[in-house]
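# Structural overview for review
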Amino acid sequence: MVTDIQKILIIGAGGQIGVELTAKLSEMYGSSNVVASDLKNSNAFANNPFETLDALDKKALFEIVKKHGITHIYHLAAMLSATGEQNPMFAWKLNMESLFNVLELAREKHIAGIYWPSSIAVFGPTTPQVGTPQYTVMEPSTVYGISKQAGERWCEWYFKKHNVDVRSLRYPGLIGWKSAPGGGTTDYAVHIFHEALKNGTYECFLSENTILPMMHMEDAIRATIEIMHAPAENIKIRGGYNLSGISFSAKEIAAEIKKHIPDFSITYKPDFRQAIADSWPKSILDKEARADWGWKEKYDLPGLVENMLTNLKSKNEQ
Ligand code: NAD
Ligand code: SER
């Protein structure tokens, strides 16, 4: 348990990251100090206070902040890349207006700190795709990516103009066994494990040679906690740090799974998500995160595959 006093609100706590982040922060601060919120409750939050909240409702958000004496918000609610392309206007509204609601609460000094995730989707087809650095050409081609890039600029602006302590990571695709992904292009790398264990086969919506930056959820949660607990003077980038884990193609992860499940087979049927994946980096350079607040990933591809299969298997057996 940590000793600094934080009262945390997680917005979008029921999602892929939120479930795991709520559990980790509850371990650190005690469940009663971590308020989970989402559009609807789920059974993941038996021990946490829960609030039903639409992140677009600024008044309701403010009431919850006052009611619980919230000091820090982790704002995770968003529409991701694939679902965002299906509903572009609402994706833009949700991703931008909900961020402004949180940033404004901090500007008005109702809360002390914000975590808001960005994404590799801030990059686009004109970005150098291999070893993509922190500072480079950024012309995102999805509504999701445009909203993340605009969000990054606003985070920097609120920090510079109003000293808002907002911190952000450009997550790669996240792979975890405790929760389901919610509408992203990298989701195949989670579905593949479930299908391999259940049916021994998987039809992938990306082509076999599609390489994307990815990360084990455990690493991503640790990165989130580390950046949020680093001294403020170490955080030199307020828009979103590049964050690197591992890069692999669909064919490579399938081959690694086959080492554990020899009969596993995969077929490829690329759909509209292929164009999104093709517009994103294949690998990321993150020397700023390493230098400023000491980031280092733990999982490589064999370690990630072994961890996913072991944990999903024992979860399925429970
Ligand atoms: P998710 O889709 O799994 O979860 C989002 C949650 O937000 C859901 O539980 C949903 O019910 C909730 N939500 C949606 N609209 C809401 C609203 N109006 N008010 C309150 N809650 C609402 O997403 P995730 O994968 O957990 O991602 C969380 C954040 O991390 C997002 O900002 C996403 O862009 C970012 N991110 C995720 C990944 C990834 O691979 N998962 C990678 C890069 C960035
Ligand atoms: N995993 C996310 C997506 O595919 C990247 O931000 O949308």
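So, a few notes on the structure that sits alongside this text. (Residues numbered from 1 in each chain as written. Chains lettered and ligands numbered in written order. Predicted model: local features only at pLDDT ≥ 70, side-chain atom pairs only at ≥ 80, totals over all residues. Heavy atoms only, no water.)

## Notes on the nonpolar core
Membership of the largest hydrophobic core comes to 37 residues, with the highest contact counts inside it found for I175, Y188, F193, F248, I253 and I257. Among the secondary structure elements, those contributing two or more residues to this core are α6 (188–198), β10 (201–204), β11 (211–216), β13 (246–249), α8 (250–260), α9 (273–278) and α11 (301–317). If sequence neighbours within four positions are ignored, F248 has contacts with I175, Y188, A189, T210, I211, L212, M214, I253 and L301. By size, the runner-up hydrophobic cluster in this structure holds 34 residues, among which are I17, A36, Y74 and Y171. (Core = buried A, V, L, I, M, F, W, Y, C linked by side-chain atoms within 4.5 Å. Buried < 20%, exposed > 50% of the residue type's maximum accessible area, 1.4 Å probe, protein only. Helix = DSSP H or I, 4+ residues; strand = E, 2+ residues; numbered from the N terminus. Contact = heavy atoms within 4.5 Å.)

## Focus on the environment of D271
With respect to the helices and strands, D271 occurs in the loop between β14 (265–268) and α9. Residue D271 is classed as partly exposed on the basis of its relative accessible area of 29%. Taking the C-alpha atoms as reference points, D271 and F205, separated by 66 residues in sequence, lie 5.6 Å from one another. Within the structure, the side chain of D271 is placed 2.6 Å from the side chain of R273, a separation counted as a polar contact. (Polar contact = N/O pair within 3.5 Å; in protein donor to acceptor, adjacent residues only side chain to side chain.)

## Concerning the sheet that holds strand β2 (residues 34–38)
In space, the 6 strands of this open sheet follow the order β3-β2-β1-β4-β5-β7, with parallel pairing throughout. In this open sheet, the two strands that pair with only one neighbour each are β3 (50–52) and β7 (166–167). Across 4 bridges, strand β1 (residues 8–11) lies against strand β4 (residues 72–75) in parallel orientation. Among the inter-strand pairings, L9 is bridged to a residue of β4, identified as I73. (Pairing = 2+ DSSP bridges.)

## Structural notes on helix α1 (residues 16–29)
For an α-helix, the turn length of 3.6 residues means that residues three or four places apart are oriented alike. Its 14 residues place the ends of α1 21 Å apart at the C-alpha level, agreeing with the 20 Å of an ideal helix rising 1.5 Å per residue. Taken across its 14 residues, α1 has 11 buried, putting it largely inside the fold. Along α1, the residues that are buried comprise Q16, I17, G18, V19, E20, L21, T22, L25, S26, M28 and Y29. Phi turns positive one or two residues past the end of α1, at G30, with a value near 90°. (Expected span 1.5 Å × (residues − 1).)

## Points about the site of ligand 2
Every residue lining ligand 2 is accounted for by L80, S81, S119, Y144, G184, T185, T186 and W280. Between ligand 2 and S119 there is a distance of 2.6 Å, counted from an oxygen atom to a side-chain nitrogen or oxygen. Within the side chain of Y144, an N or O atom sits 2.7 Å from an oxygen atom of ligand 2. Considering ligand 2 on its own, with 240 Å² of exposed area, one finds that the protein chains cover 93% of that surface. Spatially, ligand 2 is embedded in the largest pocket. (Near = heavy atom within 4 Å. Areas by Shrake-Rupley, 256 points an atom, 1.4 Å probe, with all protein chains shown as cover. 1 Å grid on protein atoms, 1.4 Å probe; cavity = no way out; pocket = protein on both sides within 12 Å on 5 of 7 lines; lining within 4 Å. Sits in = over half its atoms within 2 Å of the grid points.)

## Thoughts on the packing of α1 against helix α7 (residues 217–229)
Across the interface, α1 lies against α7 with an axial gap of 10 Å and an inter-helix angle of 55°. Here α1 lies oblique to α7, going by the angle between them. Note on packing geometry: the crossing formed by α1 with α7 is right-handed. Contacts between α1 and α7 involve Q16, I17, E20, L21, K24, L25, M28 and Y29 on the former and, on the latter, M217, I221, T224, I225 and H229. When its residues are assigned to classes, the contact of α1 with α7 shows 8 nonpolar, 3 polar and 2 charged. (Axes fitted to C-alpha atoms, helices over the stretch in contact; angles between N-to-C directions. Parallel < 35°, antiparallel > 145°, perpendicular 65-115°, else oblique. Left-handed = near helix turned anticlockwise from the far one by under 90°. Nonpolar A, V, L, I, M, F, W, Y, C, P; charged D, E, K, R; others polar.)

## With respect to the pattern of salt bridges
As enumerated under the stated definition, the model contains 19 salt bridges in all. Residues joined in a network through salt bridges with shared partners are K58, E104, R107 and E108. (Salt bridge = Lys/Arg side-chain N within 4 Å of Asp/Glu carboxyl O.)

## Overview of the pairing of β4
A two-sided burial pattern is seen for β4, the buried positions comprising H72 and Y74 on one face and I73 and H75 on the other. Here β4 runs beside strand β5 (residues 113–115); their pairing, made up of 3 bridges, is parallel. By the bridge assignment for β5, Y74 is matched with Y115.

## Quick notes on the packing of α6 against α11
At a closest axis distance of 10 Å, the pairing of α6 and α11 adopts a crossing angle of 55°. Between α6 and α11, the angle is such that the two are oblique. In the packing of α6 onto α11, the handedness of the crossing is right-handed. On α11, the residues that touch F193, H194 and L197 of α6 are L304, V305, M308, L309, L312, K313 and N316. Tallied by class, residues from the contact of α6 with α11 come to 7 nonpolar, 2 polar and 1 charged.

## Thoughts on the sheet that holds strand β8 (residues 169–171)
The sheet built from 3 strands is open, its strands ordered β6-β8-β12 with parallel pairing. Among the strands making up the open sheet, the edge pair consists of β6 (118–119) and β12 (241–242). Two strands pair when backbone bridges link them, and β6 and β8 are joined in this way by 2 bridges, in the parallel orientation. The residue of β8 that forms the bridge with S119 is Y171.

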